[in-house]
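Listed below are the residues making up each chain.
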Amino acid sequence: MADRERKLMSEGVVTYAYILLYIALSSGQIFFNKWVLSSKEINFPYPLALTLLHMVFSSVLCFVLTKVLKIMKVEEGMTLDIYINSVIPIGAMFAMTLWLGNTAYLYISVSFAQMLKAIMPVAVFILGVAAGLEVMSCRMLLIMSVISFGVLVASYGEININWVGVIYQMGGVVGEALRLIFMEILVKRKGLKLNPVSVMYYVSPCSALCLLVPWIFLEKPKMDEQLTWSFHPLVLTLNCICTFALNLSVFLVISHTSALTIRVAGVVKDWVVVLLSALLFVDAKLTLINLCGYAIAIAGVAAYNSHKLKKEASRVISDESRDALPLISSSTSNE
């Protein structure tokens, strides 16, 4: 009994350690990107180039880990049809999300960008309804209204609002919502289940190619002409490593806990980022209206997560019941 209690305690410690690691890496990566892009710090004001570096680094590292060192395994089942119809759209939307999200940091504060991200469930739900994956209901309409109202209040309380940054951030939100929709289609309609390492293995090269084309036309000429920035190999390499570690931490949390845990941890992380950014960055000034609006939005996000998880749980139960019916009928006939 004592051994079992010790084992459960050690597993609990490991689980909480993974959750804290995810919160620390996710929050730290946001601050790290802002620090690299800021003209007052590292002064690498090229979000497209930074995102491209992340994807190239992730592609190379995934290949080394899975094909050279064979430490991790890539799931089977990928076909050319699935890659063209699902992986390429996911990779394109992932590239769009990271590019526009990082660009927003050039114009708005980290805290305000994080507040705007709370609108994500609204974008996912609207696009899900359009794709036939979600069903409109009075309850969901109320939840979406609460989230939208909270984000509007938080935006109204922003002192130094920059609409260019808001547009970039909203574009990143739409890109992420589309990515999640394509991921759901990949899993539900294609029947393919990939672990995060496999997703990174397939998606990262595609995202890198999607970023390479606009980088050549939009940022490369500026980088060739501009002499006011300096390339920091060590800093940028560490930034890429942190991005890869963040993706792996998500895998560790999900594999040791559940989707509910990662969503709750995400809400905690959002508050950590909002509050810490006010202390770390001069341009992040929180007002009472900011915080009240964000609290309303997060309450709506929590209600949305709860609704989705209950729906998933009921679906799993119904699937298990349906699978058990043939066993019951066969055992009855045998008797």
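The preceding data block contains the structure.
Residues numbered from 1 in each chain as written. Predicted model: local features only at pLDDT ≥ 70, side-chain atom pairs only at ≥ 80, totals over all residues. Heavy atoms only, no water.

1. Here's the deal with the overall build of the chain
- A tally of regular secondary structure across the chain gives 12 helices and 0 strands.
- Reading the secondary structure of the chain in the N-to-C direction produces α-α-α-α-α-α-α-α-α-α-α-α.
- A total of 335 residues make up the chain; the buried ones form 45% of that total.
- Expressed as a percentage of contacts within the chain between residues at least 6 apart in sequence, the contacts between residues at least 24 apart total 86%.
- Accessible surface, the chain: about 17800 Å² in total, of which carbon and sulfur atoms supply 70%. (Helix = DSSP H or I, 4+ residues; strand = E, 2+ residues; numbered from the N terminus. Buried < 20%, exposed > 50% of the residue type's maximum accessible area, 1.4 Å probe, protein only. Contact = heavy atoms within 4.5 Å. Areas by Shrake-Rupley, 256 points an atom, 1.4 Å probe, with all protein chains shown as cover.)

2. Observations regarding the nonpolar core
- Core analysis: the largest hydrophobic core is formed by 74 residues, its most contacted members being Val36, Phe44, Val110, Met144, Ile147, Val151 and Tyr202.
- Considering each element in turn, this core owes the most residues, 9 residues, to helix H8 (residues 196-218).
- Sequence-distant contacts of Met144, defined by excluding residues within four places in its chain, comprise Pro121, Val122, Phe125 and Tyr304. (Core = buried A, V, L, I, M, F, W, Y, C linked by side-chain atoms within 4.5 Å.)

3. Here's the deal with the environment of Ser86
- Summarising the element assignment, Ser86 is placed in helix H3 (residues 80-104).
- The exposure class of Ser86 is buried, given its relative accessible area of 3%.
- Ser86 sits 98 residues away from Glu184 along the chain, and the two C-alpha atoms are 9.9 Å apart.

4. Section: the pattern of salt bridges
- Counting across every chain of the model gives 3 salt bridges.
- One salt bridge connects Glu176 with Arg179, and the closest N-O pair in it is separated by 2.8 Å. Linking Glu176 with Arg179, this pair stays in helix H7 (residues 163-188), spanning 3 residues, or about one helical turn.
- Given a relative accessible area of 15%, Glu176 falls into the buried group.
- The buried category is assigned to Arg179, whose relative accessible area is 16%.
- Note that Lys269 and Asp270 form a salt bridge whose closest N and O atoms lie 3.1 Å from each other. (Salt bridge = Lys/Arg side-chain N within 4 Å of Asp/Glu carboxyl O.)

Coordinates in, geometry out; function isn't part of it.
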